[in-house]
Amino acid sequence: MKLTLDQEHSLPTGVLGLAITPDGSRAFAACADGAIYAVDMATGKSEAYEEKHTSFANGCVLLPDGRTVISAGCDGTLLWHDVESRRSIRRVQAHKFWNWQLALSADGRRLATTTGQYIPGGWKYEPAAETEPSVKLFETAKGELVGSFSHTPPVLSCAFTHDGKYAAAANMMGEVRVWEIDDGSNTKAVSQWTSADFTSWGTVKSHHYCGGVYGLAFSPDDTALVCCGMGPMNDPMAGNGKMTWQRWNWRKGERIDQIKEGERGAGLMEALAWHPEGKFFVMAGRQAQGTWNAALFSGVDGSLLHSIDTKKRITQARFTRDGQSLIISGAIGQPQRKEGKWPSWGRVQVYRLTT
């Protein structure tokens, strides 16, 4: 199985969040300028939605009916956008601090959002306790808060099981927690574990933790949870920790397998997605050292199947429903103003899966 580039489209600023229609004909990009763009994947034409976030737009999801996009930003708000009119129909202040990530339940009824500011809380600069619930659940019909969970901030990732009965979230310290969701307002902790392979503390240049679990994805049959991110490094300021994924039996908190030592480089992995058939999954992100920044891994034994270097930072990855294409988003380097203009540095790409 290989990834072959089929299309590439530019956007004004870096793409941090991505949602697609099931057939991949249209993409919705949450960007660094705070705007949400609708992208026609056949032509590359993009149109910005009417209302923007006042800071980076970090994520977006498309409801199953295809009529509404919900976005989140570093301003702590959630915005509901009408797909066709491109007008905002609802704004909800979800957090006092940044939103880090969104997750939508398969039926589209619930939205999970994570937050949390890293404030040193002890002599070893471990994160202080949260000042607001780090994980919140909203119902998507009216934007009402229906649940909240405590976790150690910052909480960087979240995911729902495909049956919508459980939600997971993970943070910068490699701490993963899973809750059972009853009617949306009643929740119960099911399991939690910590993996030191997803965090790092160093004294070079400055004292602080770095790394974390930036991506979570339940397998299609909901039996396993894969975590991806960045692990130990000598200099946290360099962002060159180990590119890492681990697969867990989430009910027991037991690790099943992980990336093999000879198959990874260094950098931040933040995009994770399972192929619809569950035969493999993709992990992608930003490469600091190594030969690839996107790779396919076997869903059976975790072996590396195929890898590529896109020469870009990858922030999100989504398979089309038929499993024939992978759509990724991200950015190309640090933009520099030339001849009085800023270049278009955001990217949305379509990769075909071929044998």
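Data block above holds the structure.
For the structure given in this document, a descriptive report is provided here. Note that the coordinates shown come from a computational prediction; the quantities given were computed from them, not determined experimentally. (Residues numbered from 1 in each chain as written. Predicted model: local features only at pLDDT ≥ 70, side-chain atom pairs only at ≥ 80, totals over all residues. Heavy atoms only, no water.)

**Section: the packing of aromatic side chains**
Under the convention used in this document: Working definition: rings of Phe, Tyr and Trp (its six-membered ring) pair if their centres are within 6.5 Å, and the pair is stacked with planes under 30 degrees apart, edge-to-face with planes over 60 apart, and tilted otherwise. Helix and strand definitions follow DSSP, with helices as H or I runs of at least four residues and strands as E runs of at least two, each counted in order from the N terminus. Here the term buried applies to any residue with accessible area under 20% of the maximum for its type, exposed to any over 50%, and partly exposed to those in between, with areas from a 1.4 Å probe on protein chains only.
Summed over all chains, the structure comprises 13 aromatic pairs. Here the aromatic rings of W193 and W248 are separated by 5.0 Å at their centres, their planes lie at 20°, and the arrangement is stacked. Pair noted here: W193 is in strand β17 (residues 187-194) and W248 is in strand β21 (residues 243-249), with a separation of 55 residues, a long-range link. Look at W248 and you get buried, because its relative accessible area is 8%. Through a chain of ring-to-ring contacts, the aromatic side chains of W245, W274, F281, W292 and F297 assemble into a single cluster.

**Brief notes about the sheet that holds strand β3 (residues 26-31)**
Under the convention used in this document: Here, a strand pair is defined by DSSP locating no fewer than two bridges between the strands. The axes used here are C-alpha line fits, helices contributing only the stretch in contact, and every angle between their N-to-C directions lies in the interval 0 to 180 degrees.
Reading across the sheet, the four strands line up as β2-β3-β4-β5 and stay open at both edges, with antiparallel pairing between neighbours. In this open sheet, the two strands that pair with only one neighbour each are β2 (15-20) and β5 (46-48). Between one strand axis and the next, the sheet turns through 25° on average, direction left out of account. Alignment of β2 against β3, held across five bridges, turns out to be antiparallel. Considered in β3, the bridge of L18 is made with A29.

**Remarks on the pairing of strand β4 (residues 36-40)**
Within a regular beta strand, the side chains point alternately toward one face of the sheet and then the other, so they alternate between its two faces. In terms of burial, β4 is largely enclosed, as four of its five residues are buried. With five bridges connecting them, β3 and β4 associate as antiparallel partners. Bridge assignment links F28 to a residue of β4, and that residue is A38. Hairpin connection from β3 to β4: four residues lie between these consecutive antiparallel strands, with G34 at a positive phi of about 90°.

**Comments concerning the sheet that holds strand β23 (residues 266-274)**
Reading across from one edge, β23-β24-β25-β26 is the order of the four strands in this open sheet, with antiparallel pairing throughout. The open sheet terminates on both sides in strands that have one partner only, identified here as β23 and β26 (304-308). The mean angle between the axes of side-by-side strands here comes to 20°, regardless of whether they run parallel or antiparallel. By the bridge criterion, eight bridges tie β23 to strand β24 (residues 280-289) in an arrangement that is antiparallel. Considered in β24, the bridge of W274 is made with F281.

**A few points about the nonpolar core**
The cut-off we apply is this: Take the buried residues of types Ala, Val, Leu, Ile, Met, Phe, Trp, Tyr and Cys, join any two whose side-chain atoms come within 4.5 Å, and each joined set is a nonpolar core. Any two residues whose heavy atoms approach within 4.5 Å at even a single point are treated as in contact.
Within the largest apolar cluster, 16 residues are counted, with the highest numbers of intra-cluster contacts made by L3, V282, F319 and L326. Contributing elements (two or more residues each) for this core: β23, β24, β25 (294-298), β27 (313-319), β28 (325-331) and β29 (346-354). Once residues lying within four places of it in the same chain are set aside, the contact partners of L326 are L3, V282, A317, R318, F319, Q349, V350, Y351 and L353. Counting 15 residues, the second-largest nonpolar core is a separate cluster that includes A170, V178, F198 and V213.

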